[in-house]
Structures are given as structure tokens and as C-alpha cells.
Amino acid sequence: MDALPPVLEDWFAARSWAPRSHQRAMLAAARRGDHALLVAPTGAGKTLAGFLPTLADLIDHPTDRLHTLYVSPLKALAVDVRRNLLTPIEEMALPIRVETRTGDTPSDRKARQRVKPPHILLTTPESLSLLLSYPDAALMFADLQTVIVDEVHAFATQKRGDLLSLSMARLQTINPALRRVALSATVADVDAYRAWLAPDGDIDTVAAVLGEAGAEPNVTILIPEGRVPWSGHSGKYAAHQVMAEIAAHQTTLVFCNTRGLAELIFQELWSANDANLPIAIHHGSLSIEARRKVESAMADGKLRALVATASLDLGVDWGNVDCVIQMGAPKGSSRLLQRIGRANHRLDQASEAILIPGNRFEYLEARAALDAVEAGERDADDFRVGSLDVLAQHIMGLACAGPFHEAAMLAEIQSATPYSALTPDAFASVLHFIEGGGYALRAYDRFKRLAQDADGTWRVAHPRFIQQHRLNAGIIVDQPALAVRFANGRKLGTVEEGFAAQLAPGDSFFFSGMALEVVKMDTTDLVVRATSKQARIPSWGGSRMAMSTRLADRVRAFLASPDQWHRFPSDVREWLDMQKLRSVLPQPGQLLIETFPHEGRHYLVCYSFEGWNAHQSLGMLLTRRMESQDLMPLGFVANDYALAVYGLKPVTDPQSLFSADILDHEFVDWVEQSSLLKRAFRDVAVISGLIERQHPGKRKTGRQVTFSTDLIYEVLRKYQPDHLLIKAAWADARARMTDVGRLGDLIDRAATTMLHVTLDRVSPLAVPVLILIGREQVAQSAAEDALLIEAEALVAQAMRPD
């Protein structure tokens, strides 16, 4: 069952290679007709294992039809896989055509691909969904044998995973013999992913193939030349040390957790680049041309270092990368493993990685991440019910391909695991939403996208809605943005409207590794020129990465285990020793609350380790409750580890602030009165197709989209508060924007494990979060110096033993 065709055997032999056991197991699963989930470490040849059955079958049974569809989370990954797949195909002189189809593919090639597809098509969930919206989709995919989902952990628990699961259900309807394959290096719950992959959730039809273990990674934590900082999360203090590591290696990937940090770190490294080594930057807001140029330079070995974000987390294989540096804490063991695997991308060679913690808490988190990697612990993935806005988009797309019957469509949708529990009533509500927008919007013809014939068949109400769908389909909803261009029209990328609104002609900012001065701006473009002036770092919205619950548990365990402290640098040990002397260190599961006065204000600091997003939400809720108790709150600050609330009166009974009903009363009021729900509604309205992002020949500005969705939001809140999209927006606001699940856990823990310690002054553990006060708006070096002096005084108070 796992024998290779002779030409493939010869190709392996010519390289003195032999197929690995998991590669042969994938071939055997294919010949049995089984679906398969491959979980194997980075560098284990997962991609080749996924494609090996395809190559073998095309060698033994040539065809001129589309045979295999490869679905990737990133356009860059599809391009990279094509390059790596073409090498063996060309070396074996196989008549196999491989092409990519993403948003970057020229329109003439897209049209040709539907008529004459390649043997192997590499695409993304969104491009696959669009292909299924054409009437000839059934012909194009009639003989499709295999769908390969790469980096499945990046899809399955998110809305893009919902869309992909629905698309696979349609492909299975077109060809019931279709095989599904998924690949990943970082799956914690194999059975959960088997269920997601399987038609009808039947995990027994999915073979679990586990790859052999590779060489243990060589991961270290960089200790700064001075002391581990008290605050900050960028690691920029280590720029000279990082440049020394870059000089000592062939090629280094420097990962940052956000695009803003990537721009900051690039500038810090460039300033420390005394040897003038070639380094570059890569993130999702840069133009396609800029990203492709950098990717090509990396593939050709022309760069010594590349500063990147999650845009390069997944699977991109550049063989000359021999070191990965993570700036700031990794936030999760799975993410860290994924990034580590970009170095020495071979199973039998240890990956080398260096972690640069931003502050003392981040040192503990980095150490926790290393321990988790060594223990083989992965971050848990939370599977959830499929989103209804995604379902609405999918149904509209299939309607564009042709009329459908309600019962058959429901059965097909229910075969996708995220929608297996979808009821006929819920399905009918989605259909009627597409049919007319809901009863509050039924008077408007532009929302009447579907119509039902007398025999019950559903069809698109007017041809214009087909074009509208194809122009606007997609799951990733970008924030309102302006294009950054030079005067000659060359586009560098995009910045969000919120950041652009803070700029005026003459202002300067860093972007794409350059200092740029604003020349002028209009509704769509920010025209710039290069400058040598002092510049600021752009900011991008969206939720920050939260430390995973498993890493948080490990950090809590460190605090409660002095016998582990010998592993830490002396200044981190001193910090924890002083906290133990002056206050307490919380036990695992315990919620420590400290209250103390400082410079005329009264502080409450909560050490909950639930992540920045949850702490931001809790800060909003606590200040509202403190107002109702006449405690006169002034504000709050948060990091991943703690929340500090400060006001004019002391909090003597913190238990009353953390009572469980805060999520029923203050939370609902706050979300409804803030812009949180409106932003969530904007996203679901765009995804569901209710609001267009662009018309033929003209793209709406982000401001226009927001204005349209805000109007509809107010109408629905007033006249149809139980509307499908209002419910979907609430689900998004609760889950994605506020980490309400972790917030609920925190409140539950407070009820039984709260330990309140009253102090006469700031504690050592409180220093990292208190230093954040005033830093969010700092732009000038004089203000920065003043804050530094203030921070040193705060540290001196906290670390005084008496």
C-alpha cells in the first residue's frame, strides 16, 4: 500500500533519501481511500507527505483534470509551496502542472484556470469559496481527488475555518469520493481536528498519522547586558545584542507580535547595524510588491535578517534560515514552536532560537514557554459553533452558482462539523435574512438578494447580486485604511484610518522600514516622501495576542515555587524575593488583590494573568462599578499579567467589585454604549454580504462602510434587536474582542480564592503595570525622560525592604 512508483523511488535514491515512515503512512491512507490528519514536527517533510499520494497517483494514472486542491492560510505559503513542489516535478520531468490562485493572481489566469485548471491548484479559503460561486464549479471539481489543508490549526477554530469547512462540504457533494487531508505541527487535540476534518464529523474515517520526533530545538533566553527591564514588551533594549546574533548567523528571522512592533524593531536594529548588513521587514500591511520582493530576496539568500510578524509564521521554508529570534514574549508554546521551526528546516537538525523578554514578567513567560516546548505541551484550541454571518456568505455564493433546494442545502451544510447542530429554524432564519435583510429592512430592494420560486427552489433575485457577491466576498475584514503612496503613484502599503487621522502634512512616521513625511492626504491615499526627520511608529488596531492559559498556569506556578527561582537571573530572583518579603506571592488558582496608596492616589492591583484583552474589559467594568460605589476612580492600566485601577478613595472591599453579576449588568451596559458592538456589527454585516465593500470599478472608503453599518445597526437595535446580525455581533464581541470567557473565569475565581493584601506602599509585583501609567500617549523624548525618572523612583520605593 505504501510502495512508490519507480520514478519517485529513483528520485529519493538520487538524493540518498528514503521516505519517512509518516510519508509512507500518508500514501497507504490514500490508497485505502481514508481521509488523513498528519501531525509532525516542523522540518519533517509534511508538505511532501501531503503531496506524495498526489504525485504517485498522477504518475500511475495521468489525467488532464484538476486532481488536488491545496488550501493554505497565507498567500505567501501557497507561493512558497509551489516553488518547492516544482523542484521535484521538474527534476523527475513529470508532466504535472502546478499553479496558485489567490487574490494576487491576474484575472486572465483566473478565468483560464476555470476552463483549463492545472493538475494541482494552490489556493486560500476565500479564493476557493469564490471558485464555488461559478456555475461551472461542478464541472471544474468533478474529478477532484484530494483537498490538502495545510497548517490546519490556523483555520479550524476561526471564521476562515468555518468557510473552508462549508466549502469542503460542497466539494464532497460534487464528488463524494473526495479525500480530505490536513497537516500541522502544533495540534494539541488530535481527535478534535479529526472531527473538524471529517465529513459529518465521523472521526473514524480520518486516519491519524503521527510523524517521528525531530531533533530537540536549541532555544535560549537572552539575558540583557544590564538588567531585565521592569516594563516594556518589545525587547528593543537588546538591539545591539540582536545585531551581534545576526552577524554570527547566516540568515535570521526576527519575529515581532504586532506590525507596529515590527516597524519599531526594524528601526532599532537599523540604528545598531554598524556593519551595514542587509536586513528587511515583512508584514501584512505592506504592498504585495514589497512583500514579494522581500520573499524573493530571502529565498535567494540575499538577506542576513528579516523582521516579520505572523505574516511569516506558517510553513514558509527558506533553507538558509539558521536562527529565529522572538522579540518579546511568545504568548503561547504552539506559536513559539511554529516560529522556532522556521530555522534549520530539517527534521534531523536542531532549530536554533533566542527569546528576548521585554520585562520581568515576560522573562517568566519566556521560561514557561521553553518548559512547555520541552514537555511537548501545546496550547489548547477552543472549537466553537460555526458563525452565521459566514454561513450567509457561503449560501449566497452557492446560489450564485445555481438554484438550490432548501432541504438538500441544509443537509450539505450540516455535514460540515461546525454546523452539524444547525437547526432547520436557524437555517431558515439565515435564508430569510439573505432573502430580504430581515423584517426591519424588508422595504429596501437592495437587501433582497434571494428569491423563492413556487416549487420551493431558491435562486439569486437579480444578476447584479452575483457580481456584488464576488466583489465583496471574504472573511478577513480590514480596518478602514488609506494607501501609503509616493507622489509617482508607487504604493508602499496601507495604514489604518485611525492612525492616518492623527497626521497632518509635514508629520513623519516609519513604514516599510523607511522614515516618511506626509505630503498630503485625501479620502483614499496618504501621499508621502522619504525624509530624515524624527518619525513615529504607526499603530494598528485589533486585539493583542494574549498569553495562553497554559503559559499563564506555568507562570503562576513559578511565583509559588521558590525552589524554581535558581533558574532565573539574579535581578528577577531579587524582585520575587522582595515581593515575598513585603507582600505575598499568589498560589496557583488564587487571585491576589493588593491595595495601597501612592502619590495621593489609591491603587487596586489584581494579578489574574488572563491577558491584556480580558484585563482591558475588566478595567472598564471595575471603574464603572467604582463610580456607582462613589470610590471616584480616575483610570486603569493593564498588561497580560495584572490590572491596576486607581482613584481618589481606597477600596476596602474588593470582593464587592468582583461579584458575578458584573458580567450581566455592567458588561452588557458597557458593550452596548461603547463602540465595541458597532465594530463587531460592521464586521458581521460585511461578511454576511449585507454591506458592500466595493462596487464595480469603485471601492468604498472605510469611513463610508462604517457610516452605512452604523445606520443599519441603529435601525436594527431599535426595531429588530433579535436580528441575526445583532446576535452574531454579540457573539463576536463576547468571544473575540473582550476574551469574555477568560473574564468569566477570573470572576468565578474571585468568588472563592481572592486574597486581599493591604499595603502601605507599592509592591515589587505591581511595578511593571504601574510604570505603564502615562506611557500610552508619550511621543517626545523629554516626556520619556521624565517618565523614566518617575519609574526609577517607583522601583526604589517598591524594592526598599523596610
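Cut-offs and rules
- Residues numbered from 1 in each chain as written.
- Predicted model: local features only at pLDDT ≥ 70, side-chain atom pairs only at ≥ 80, totals over all residues.
- Heavy atoms only, no water.
- Helix = DSSP H or I, 4+ residues; strand = E, 2+ residues; numbered from the N terminus.
- Buried < 20%, exposed > 50% of the residue type's maximum accessible area, 1.4 Å probe, protein only.
- Contact = heavy atoms within 4.5 Å.
- Pairing = 2+ DSSP bridges.
- Phe/Tyr/Trp six-rings, centres within 6.5 Å; stacked < 30°, edge-to-face > 60°.
- Salt bridge = Lys/Arg side-chain N within 4 Å of Asp/Glu carboxyl O.
- Axes fitted to C-alpha atoms, helices over the stretch in contact; angles between N-to-C directions.
- Parallel < 35°, antiparallel > 145°, perpendicular 65-115°, else oblique.
- Left-handed = near helix turned anticlockwise from the far one by under 90°.
- Nonpolar A, V, L, I, M, F, W, Y, C, P; charged D, E, K, R; others polar.

A. How the structure looks around the environment of F404. Considering the arrangement of structural elements, one finds F404 in the loop between α15 (388-401) and α16 (406-414). Overall, the relative accessible area of 6% leaves F404 in the buried class. As for F404 and W540, which are separated by 136 residues in sequence, their C-alpha atoms are 42 Å apart. Excluding residues that lie within four positions of it along the chain, F404 makes contacts with I395, A399, M409, L431, L450, T457 and W458.

B. Main features of the pairing of strand β1 (residues 35-39). For β1, the buried fraction is high: 5 of the 5 residues fall into the buried class. Across the two faces of β1 the burial is the same, with H35, L37 and V39 and A36 and L38 all buried. Pairing analysis gives 5 bridges linking β1 to strand β7 (residues 206-210), with the strands arranged parallel. Its bridge partner being in β7, A36 is matched across the sheet by A207. Summarising the sheet, β1 and strand β6 (residues 179-184) pair through 4 bridges and their orientation is parallel. Counterpart to A36 in the pairing with β6 is V181.

C. Inspection of the packing of aromatic side chains at higher detail. Summed over all chains, the structure comprises 18 aromatic pairs. Between F681 and Y713, the ring centres sit 5.5 Å apart and the planes meet at 55°, which makes this aromatic pair tilted. Here F681, found in helix α25 (residues 676-687), pairs with Y713, found in helix α26 (residues 702-719); they are 32 residues apart in sequence, far enough to count as distant. Like Y713, F681 is buried.

D. The arrangement of the pattern of salt bridges in detail. Taken as a whole, this structure holds 36 salt bridges when the rule is applied. Among the salt bridges present, the one from D760 reaches R582, with a minimum N-O distance of 3.9 Å. Of this pair, D760 sits in the loop between β27 (754-758) and α29 (767-770) while R582 sits in helix α21 (residues 570-582), placing them 178 residues apart in sequence. Relative accessible area serves as the criterion here: at 57%, D760 is assigned to the exposed category. D760 is the partner of R761 in a salt bridge, and the nearest nitrogen-oxygen pair spans 4.0 Å. Judged by relative accessible area, R761 falls into the buried class, the value being 6%. In this structure, a network of salt bridges that share partners links the residues K331, E362, E365 and D640.

E. View of the environment of L690. Take L690: it is sitting in the loop between α25 and β25 (694-695). Judged by relative accessible area, L690 falls into the buried class, the value being 5%. Expressed as a C-alpha distance, the spacing of L690 and F433, which sit 257 residues apart in the sequence, is 9.0 Å. In this structure, L690 is in contact with F433, G437, L441, F447, R449, A685, I712 and L725, ignoring residues within four places of it in sequence.

F. The arrangement of the packing of helix α8 (residues 159-174) against α16 in detail. At a closest axis distance of 8 Å, the pairing of α8 and α16 adopts a crossing angle of 120°. Between α8 and α16, the interaxial angle falls into the category oblique. The two elements α8 and α16 cross, and the hand of that crossing is right-handed. From α8, L166, A169, R170 and T173 reach across to α16, where they touch M409, E412 and I413. In terms of residue class, the contact of α8 with α16 is made up of 4 nonpolar, 1 polar and 2 charged.

G. Representation of the pairing of strand β9 (residues 252-255) in the model. Side chains T252 and V254 of β9 all project onto a buried face; the interleaved residues L253 and F255 project onto the opposite face, where all are buried too. With 4 bridges connecting them, β9 and strand β11 (residues 305-308) associate as parallel partners. Residue T252 lies in a different strand from β11, and its bridge partner there is A305. In the sheet, β9 pairs with strand β12 (residues 323-327) via 4 bridges, with the strands oriented parallel. Paired with V254 across the bridge in β12 is I325.

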